[in-house]
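Working through the structure, step by step
Chain by chain, the residues:
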Amino acid sequence: MKALYKSGPHAGLELVDRPEPETGAHDVKIRVMTAGICGTDLHIEAYDEAAQAMINTPLVPGHEFYGEVVEVGSFAHGVKVGDRVSGEGHVVCGICRNCRAGRPHMCINVNSVGVQRDGAFAEYVVIPASNVYIHRDERITPLLGAIFDPFGNAVHTALQFPMVGEDVLITGAGPIGLMAAAVARHAGARNIAITDVSEQRLELARSMGVNLAINVSKQRVADAQKELGMREGFDFGMEMSGHKTALPEMIENMNHGGKISMLGLPSESIDINWGKVVTHMLTLKGIYGREIFETWYAMSAMLTTSDVLRERVASVVTDFIPATEWQDGFTAARGGHGGKVVLDWTVF
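Residues numbered from 1 in each chain as written. Predicted model: local features only at pLDDT ≥ 70, side-chain atom pairs only at ≥ 80, totals over all residues. Heavy atoms only, no water.

Quick look at the overall build of the protein
Check the secondary structure of the protein and you find 13 helices and 17 strands. Its C-alpha radius of gyration of 20 Å places the protein within 12% of the 20 Å reference for a compact globule of 348 residues. C-alpha extents for the protein along the principal axes are approximately 60 × 40 × 35 Å. With 348 residues in all, the protein has 55% of them scored as buried. Across the protein, the mean location of the 30 positive side-chain charges is 5 Å away from that of the 41 negative side-chain charges. (Helix = DSSP H or I, 4+ residues; strand = E, 2+ residues; numbered from the N terminus. Rg over C-alpha atoms; globule rule 2.2 N^0.38 Å. Buried < 20%, exposed > 50% of the residue type's maximum accessible area, 1.4 Å probe, protein only. Lys, Arg positive; Asp, Glu negative; His and termini not counted. Charge placed at Lys NZ, Arg CZ, Asp CG, Glu CD.)

Structure follows, in C-alpha cells:
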C-alpha cells in the first residue's frame, strides 16, 4: 500500500510502498478515503521538540480520517465489512482507574493512532473495533467524516458549560476555533466574538455566525466589548490558540463567575493574573480530545439535525488535495491562513 512514512528520527515524510497492516482478532482494517492534516502532523513532519517528545520512529502518522471497513477481526463485534467509519484516535488501556470508572478519555495509558502507533496517512489503517465510530447517515460525507476528530475537540470544548443566552469569547480562529464558533451559535449563545491575526480566517469566522471577528493585531478585546454593547465581561471563554497572550487577555475580559475551557496547547509558559482568577471566581478547565464516545454522539446528532451547522462545519475544509500532492497540503496547513486541509486517499 501507499503510505506517508517517517523512516527515522529526522525531519520530513516520504510517500512510499509499505506492507498492509495486519488485522488482529479485536481489530478492523479500514480503507482510508480521506484524512485531515492536524497540527500534530505538522510537528511530526518537522520532527521538532514536540514530535521528539511524543513519537517513536518509524511511523505512519495521521489520525483524522474517514474510510470503509474491509476486514473485521474474529473477536471484533458491532462492525461489519462495508461500514463507513471514522476512528477515535485515543486507544485506551481499559484497566486504569479512569477507564474502569467510565472515563476512558482520561486514560493514563493512552496510545494514540498516528502518534504512538501507525496511523491513517495510508491506504489502510488498523484500529481496535472499540475505537470505530460508524456513520449511519449519508449526510456525513467523506469530507465531514475526515474532520470528526477535530470537530469533536471543538464540541468537547464548547459544551463544557451552558451557552444559551451567554456572551462567548473564542481566542484563535483556526479550524477548531471556527467549528467551536459554529457550535456556539447552534447552541444559543448571545454574542460570539472570536480573535485571530489572519484576515482570511476571520472572514471564515464571520461565515460561522459570529457577531464580531477581532484582529488582535489591530484591536483589543475590551474595545470589541464596547462595540457589541456589552456592559459586563464575557460569560464563557474558549481558548483555542495556545498563544501566550490569549489567555491573559481573555481573563481580563471575563465577567465575575466566568468559565473558560482551554484547548490550545501553549508552547511556552504563560504568566496570568491569578489574583483576578480568584477574586472574580473564574473557572478554568483543561480540555483534551473528546469524551469517548459521548462527544461523537453529540456531533452526529447536531450535524444530522441542522443543515446550517452541517454546512458551516463542512465549509471549514478549504483545501482538498490528492495524497500524491501531500507536500502542498502540509504547506497549506502550515501557512495558518486557511481552514482545514484534507488529503484524498482514493487516488491510488
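Notes on helix α7 (residues 199-207)
Of all the residues in α7, the buried ones are Arg201, Leu202, Leu204 and Ala205. One side of α7 carries all its buried residues, which in axial view fall inside an arc of 155 degrees. Looking at the buried positions of α7, the neighbouring elements they touch are α6 (175-186), β11 (192-196), β12 (212-215) and β16 (317-322). (Arc of directions from axis to C-beta. Contact = heavy atoms within 4.5 Å.)

Considerations on helix α5 (residues 148-158)
With eleven of eleven residues buried, α5 is to be regarded as a mostly interior element. Inspection of α5 places Phe148, Asp149, Pro150, Phe151, Gly152, Asn153, Ala154, Val155, His156, Thr157 and Ala158 among the buried residues, and these make up the whole buried set.

Quick notes on the pattern of salt bridges
Applying the stated criterion to the full structure yields 17 salt bridges. We note a salt bridge from glutamate 20 to lysine 29, for which the minimum N-O separation is 3.0 Å. Salt bridges linked by common partners bring Glu20, Lys29 and Glu71 together as one network. (Salt bridge = Lys/Arg side-chain N within 4 Å of Asp/Glu carboxyl O.)

Concerning the nonpolar core
With 47 residues, the main nonpolar core has Phe151, Ile170, Ile194, Met238 and Val313 as its most contacted residues. When residues of this core are assigned to their parent elements, the largest contribution, seven residues, is made by α6. For isoleucine 170, the contacting residues outside a window of four places in its chain are Gly177, Ala180, Ala181, Ile192, Ala193, Ile194, Thr195, Met238 and Met240. Leu13, Leu42, Val85 and Ala333 belong to the second-largest nonpolar core, a separate cluster that totals 36 residues. (Core = buried A, V, L, I, M, F, W, Y, C linked by side-chain atoms within 4.5 Å.)

What about the packing of α5 against α6?
For any two helices packed against each other, one specifies the inter-axial angle together with the distance between the axes. Taken N-terminus to C-terminus, the directions of α5 and α6 make an angle of 50 degrees; their axes are 8 Å apart at the nearest point. As far as their axial angle goes, α6 and α5 are oblique. α6 is crossed by α5, and the crossing has right-handed handedness. Of α6, the residues touching α5 (which contributes Pro150, Phe151, Asn153, Ala154, Val155 and Ala158) are Ile176, Met179, Ala180 and Val183. Counted by class, the contact of α5 with α6 contains nine nonpolar, one polar and no charged residues. (Axes fitted to C-alpha atoms, helices over the stretch in contact; angles between N-to-C directions. Parallel < 35°, antiparallel > 145°, perpendicular 65-115°, else oblique. Left-handed = near helix turned anticlockwise from the far one by under 90°. Nonpolar A, V, L, I, M, F, W, Y, C, P; charged D, E, K, R; others polar.)

Let's talk about unusual backbone geometry
Put simply, threonine 57 and proline 58 share a cis peptide bond, and its omega is 5 degrees. The omega angle of the peptide bond from isoleucine 292 to phenylalanine 293 is -5 degrees, so this bond is cis rather than trans. The residue phenylalanine 293 is located in the loop between β15 (283-286) and α11 (294-305) in this model. The phi torsion at tyrosine 47 lies on the positive side, around 55 degrees, for a residue other than glycine. Looking at the element boundaries, tyrosine 47 is found in the loop between α1 (39-46) and α2 (49-54). Positive phi outside glycine occurs at methionine 281, with the angle close to 55 degrees.

A look at the environment of cysteine 107
Of note, cysteine 107 is situated in the loop between α3 (97-100) and β7 (111-112). The spatial distance from the C-alpha of cysteine 107 to the C-alpha of arginine 97 is 7.9 Å, given a sequence separation of ten residues. Not counting residues up to four positions away in its chain, the partners in contact with cysteine 107 are Val92, Cys93, Cys96, Asn98 and Cys99.

Quick look at the pairing of strand β14 (residues 254-262)
As paired elements, strand β13 (residues 234-239) and β14 share five bridges and run parallel to each other. The residue of β14 that forms the bridge with methionine 238 is serine 261. Traced from β13 through helix α9 (residues 246-252) to β14, the parallel crossover comes out right-handed. (Pairing = 2+ DSSP bridges. Right-handed = clockwise from strand over helix to strand, strands pointing away.)

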